[in-house]
Amino acid sequence: MLRRFDALALQSGAVVCGCGGGAAVAAVLPQVLREARRLVLDADALNAIAADPQLQRQLRERALRPESATVLTPHPLEAARLLACDTAAVQADRLAAARALADRFGCTALLKGSGSVVATPGQPPRINPTGNALLATGGTGDVLAGLAGARLAAAAQADAAAAFDAASHACWLHGAAADQWPRARALTASALAQALGRA
């Protein structure tokens, strides 16, 4: 399903940005950050933001818009880049790292890993109880970002509360699917996406 970027209606629906695209995603991020009301940022988008103070400023400015919902879905290395620290510091206090991301950028941060943490400004963080090592398979993080985008698209409003709930629910569903995965069947990103699509 390919579309030209200039043909996308960024203001409607939900945008999931950064699952692929490499360095090229940096060129479209200013417009995405400016126009998308419901936004999930993953992987290549997070790395581009970590490397560019202007994009960081734009991300923080989204928090000032009343009709705006933003979710970041970093793994520990991406979180470390965004926080200008090392991965060991993120892993040493995952709750603090998730809170720091949420506070720094004024959005919901879903820090992936064992006991994924979902944080948003002004609320206690949530620790996800589902999931296992099967989710270390390449591409499953993209599935989580897409699921968070789908939950955000289904929310009645585009605001901080919707982002927090969408990320929390997506994280739980994603982990629960891995927990219920048949032992005899290999978990791949595409198989996981199909299973979640049927749920």
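See the structure printed just above.
Here the structure is a predicted model, which is why all the values come from computation and not from measurement.

**Some words on the nonpolar core**
Argument step 1. Within the largest apolar cluster, 32 residues are counted, with the highest numbers of intra-cluster contacts made by Cys 17, Leu 29, Leu 39 and Leu 41.
Argument step 2. Among the elements that take part in this core, helix H6 (residues 94-105) stands out by supplying five residues, more than any other.
Argument step 3. What Cys 17 contacts, discounting residues up to four positions off in sequence, is Val 25, Leu 29, Val 32, Leu 39, Val 40, Leu 41, Asp 42 and Ala 45.
Argument step 4. Grouped together as the second largest cluster of nonpolar side chains are 27 residues, Ala 69, Phe 164, Ala 166 and Trp 181 included.

**Side note on the pattern of salt bridges**
Opposite charge on two side chains lets them pair, provided their charged atoms get close.
Argument step 1. Summed over the entire model, instances satisfying the criterion amount to five salt bridges.
Argument step 2. With a closest N to O distance of 2.6 Å, Glu 67 and Arg 37 form a salt bridge. With Glu 67 in the loop between helix H3 (53-62) and strand S3 (69-72) and Arg 37 in the loop between helix H1 (25-35) and strand S2 (38-41), this residue pair connects regions lying 30 residues apart in the sequence.
Argument step 3. Among the salt bridges present, the one from Arg 57 reaches Glu 61, with a minimum N-O distance of 2.1 Å. A residue pair is termed a helical-turn pair when its members lie 3 or 4 positions apart in one helix, as Arg 57 and Glu 61 do in helix H3 at four residues.
Argument step 4. Glu 61 sits in the partly exposed class, given a relative accessible area of 32%.

**A word on the pairing of S3**
Working note: regular strand, side chains alternate between the two faces of the sheet.
Argument step 1. Neither face of S3 is exposed, since Ala 69 and Val 71 on one face and Thr 70 and Leu 72 on the opposite face are all buried.
Argument step 2. As paired strands, S2 and S3 are joined by four bridges and run parallel to one another. Each residue of the ladder has a partner; that of Leu 39, found in S3, is Thr 70.
Argument step 3. Two strands pair when backbone bridges link them, and S3 and strand S4 (residues 108-111) are joined in this way by two bridges, in the parallel orientation. By the bridge assignment for S4, Val 71 is matched with Thr 108.

**Focus on helix H7 (residues 140-154)**
Argument step 1. Taking 1.5 Å of rise per residue, the 15 residues of H7 would be expected to cover 21 Å, and the 21 Å separating its terminal C-alpha atoms lies within 8% of that figure.
Argument step 2. Of the positions making up H7, those classed as buried are Thr 140, Gly 141, Val 143, Leu 144, Ala 145, Leu 147, Ala 148, Gly 149 and Leu 152.
Argument step 3. Residues of H7 that are buried in the fold lie against strand S1 (15-17), S2, S3, S4, helix H8 (160-179) and helix H9 (189-198).

**A word on the packing of helix H4 (residues 76-83) against H6**
Argument step 1. Running from N to C, H4 and H6 point in directions that differ by 50°, and their axes come no closer than 10 Å. Judged by the angle between their axes, H4 and H6 are oblique. As H4 packs across H6, the resulting crossing turns out to be left-handed. The residues of H6 that touch H4, namely those facing Pro 76, Ala 79, Leu 82 and Leu 83, are Arg 94, Ala 97, Ala 100, Leu 101, Arg 104 and Phe 105.

**Structural notes on the environment of Ala 199**
Argument step 1. With respect to the secondary-structure elements, Ala 199 resides in the segment after H9.
Argument step 2. Residue Ala 199 is classed as exposed on the basis of its relative accessible area of 86%.
Argument step 3. Between the C-alpha atoms of Ala 199 and Asp 103, which are 96 residues apart in sequence, the distance is 33 Å.

**Side note on the sheet that holds S3**
Consider a sheet: its strands pair through backbone hydrogen bonds, and that pairing is either parallel or antiparallel.
Argument step 1. An order of S1-S2-S3-S4-S5-S6 is seen for the six strands of this open sheet, with the pairing classed as mixed. The open sheet is flanked by S1 and strand S6 (126-127), the only strands paired with a single partner.
Argument step 2. Across two bridges, strand S5 (residues 117-119) lies against S6 in antiparallel orientation. Paired with Val 117 across the two strands is Ile 127, which belongs to S6.
Argument step 3. Across the sheet, H7 lies against S1, S2, S3 and S4, angled at about 170° from S2, the strand it touches most.

**Observations regarding the packing of H7 against H9**
Argument step 1. Where H7 contacts H9, the two axes come as close as 8 Å, and the packing angle between them is 25°. Viewed along their axes, H7 and H9 adopt a mutual orientation that is roughly parallel. Crossing angle aside, the handedness with which H7 passes H9 is right-handed. On H9, the residues touching Thr 140, Val 143 and Leu 147 of H7 are Ala 189, Leu 192, Ala 193 and Leu 196.
Argument step 2. Partitioned by chemical class, the residues of the contact of H7 with H9 number six nonpolar, one polar and no charged.

Calculation notes
Residues numbered from 1 in each chain as written. Predicted model: local features only at pLDDT ≥ 70, side-chain atom pairs only at ≥ 80, totals over all residues. Heavy atoms only, no water. Core = buried A, V, L, I, M, F, W, Y, C linked by side-chain atoms within 4.5 Å. Buried < 20%, exposed > 50% of the residue type's maximum accessible area, 1.4 Å probe, protein only. Helix = DSSP H or I, 4+ residues; strand = E, 2+ residues; numbered from the N terminus. Contact = heavy atoms within 4.5 Å. Salt bridge = Lys/Arg side-chain N within 4 Å of Asp/Glu carboxyl O. Pairing = 2+ DSSP bridges. Expected span 1.5 Å × (residues − 1). Axes fitted to C-alpha atoms, helices over the stretch in contact; angles between N-to-C directions. Parallel < 35°, antiparallel > 145°, perpendicular 65-115°, else oblique. Left-handed = near helix turned anticlockwise from the far one by under 90°. Nonpolar A, V, L, I, M, F, W, Y, C, P; charged D, E, K, R; others polar.

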